[in-house]
Amino acid sequence: MAHRPFTRRQALQNRAWLEALRRTGNPRLAARLLGVHRSTYTKRRARCAAFAQDWDAALAAAHADFHRAGGPRPPEQGTVARNCPPSHRTKGGELHVARTRGGRLQLRRAPAGWMTRQSEQAFFFALSATANVRLAAAAAGFSHSAFYSRKRQRPYFAREMRFSLTLGYDRIEEAAMASAMPDSHADDAWRHNDPPPIPPMTADQAIQLLSLHRKGVRLGWEEPNRRRRRGEAAQAYRARLIAMTAAEKDREAEGAVLRRAAQYEKTGDWRLPEEPPPPELPPLHLVTGWSKAQPVKAVHNPGLALFGGWRLRDWEKRKAGKR
């Protein structure tokens, strides 16, 4: 049964609704922005198939825009919270891009107390100085489990966390080696190095941090160890080694991509310094001697046409001889 056509006022309302839906990808948020109740448009969707199709198209377009812009993103703004610097937690109501259970991206309002992008950057900055996840998490104002959870859920966060941890590991390793030299008393400033400053710690603490993160930084695998565990089945051990190898290859490929991107931004060329330049070639239209065909050749018998490799006259003789 055909539905009653929309009035001009309803058509204008539907247009404004679809535009808000196109910007947010969230029907509930779109209704709040327009100051209307969502059921008004859900009822129209149920009555009109064309309106429902436009609704779905607006959601798909919003998802595509958010995906091109970088996918799920934490809120950008925040407020002061207890034991937390400004802008590290959301005040409530900040817009951010989130993913629904069905996998679609949409714009939402964050509740109070959520982690912001500023908190992520503070965590990376502190981790690059300490190589200590718990200390860096406390400096950013959240528990370490919150950052480990975000690392499992968001590949970009895992990449930046790995880079900052590698930087902190290298700095502490260099400082520990320098402190073991005979004239180490002249280099005690490493305990307050800048930027960013390494917090005061003993040599035992430095060695402990290096031991804890050695396999994750040097061997490319964050979960120890590569030895077969007691009571572990051969099939499970093999699957674990395969997963570790795949993770190492992915990490190497990611590093190569980042190196090429940095090389392109610096020089405008994708080739790395260790790669040989492409071979130099002369203009191909000037290359001669590659063909034995004669460019200018007189026609043997211009009055006779060729057909399938046979001259028509020879073909006629052969045909007459078979009769």
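Keep in mind that what you see is a predicted model, and the values were worked out from it rather than measured. (Residues numbered from 1 in each chain as written. Predicted model: local features only at pLDDT ≥ 70, side-chain atom pairs only at ≥ 80, totals over all residues. Heavy atoms only, no water.)

## Some words on the packing of aromatic side chains
Point 1. Under the definition given, this model contains 10 aromatic pairs.
Point 2. Pairing F123 with F147 gives two aromatic rings, centres 4.0 Å apart and planes at 5 degrees, and the pair type is stacked. Pair noted here: F123 is in helix α5 (residues 117-130) and F147 is in helix α7 (residues 144-153), with a separation of 24 residues, a long-range link. F147 matches F123 in its accessibility class, with the two residues each being buried.
Point 3. The aromatic ring of W55 is capped on one face by R45, whose charged end is 5.0 Å from the ring centroid. (Phe/Tyr/Trp six-rings, centres within 6.5 Å; stacked < 30°, edge-to-face > 60°. Helix = DSSP H or I, 4+ residues; strand = E, 2+ residues; numbered from the N terminus. Buried < 20%, exposed > 50% of the residue type's maximum accessible area, 1.4 Å probe, protein only. Lys NZ or Arg CZ within 6 Å of the ring centre and 35° of its normal.)

## Focus: the environment of R22
Point 1. Inspection of the secondary structure puts R22 in helix α1 (residues 8-24).
Point 2. According to the relative accessible area criterion, R22 is partly exposed, its value standing at 34%.
Point 3. Separated by 35 residues in sequence, R22 and A57 have C-alpha atoms that sit 8.4 Å apart.
Point 4. Leaving out residues up to four positions away in the same chain, R22 has contacts with A58, A61, A62 and D65. (Contact = heavy atoms within 4.5 Å.)

## Observations regarding helix α2 (residues 27-34)
Point 1. Listing the buried residues of α2 in full gives P27, L29, A30 and A31.
Point 2. One side-chain oxygen of the residue at the start of α2 lies 3.1 Å from the amide nitrogen of R28, identifying that residue as N26.
Point 3. Just beyond α2, the residue with positive phi is G35, at close to 75 degrees. (Polar contact = N/O pair within 3.5 Å; in protein donor to acceptor, adjacent residues only side chain to side chain.)

## A closer look at the pattern of salt bridges
Point 1. By the definition in use, this model includes 7 salt bridges.
Point 2. The shortest N-O distance in the salt bridge between E274 and R259 comes to 3.0 Å. One end of the pair, E274, is in the loop between α10 (234-267) and β5 (306-307); the other, R259, is in helix α10, and 15 residues separate them in sequence.
Point 3. Classification of E274 by relative accessible area gives exposed; the value is 51%.
Point 4. Looking at R259, the relative accessible area reads 43%, which means it is partly exposed.
Point 5. Here the salt bridges do not stand alone but share partners, grouping E120, R150 and R154 into one network. (Salt bridge = Lys/Arg side-chain N within 4 Å of Asp/Glu carboxyl O.)

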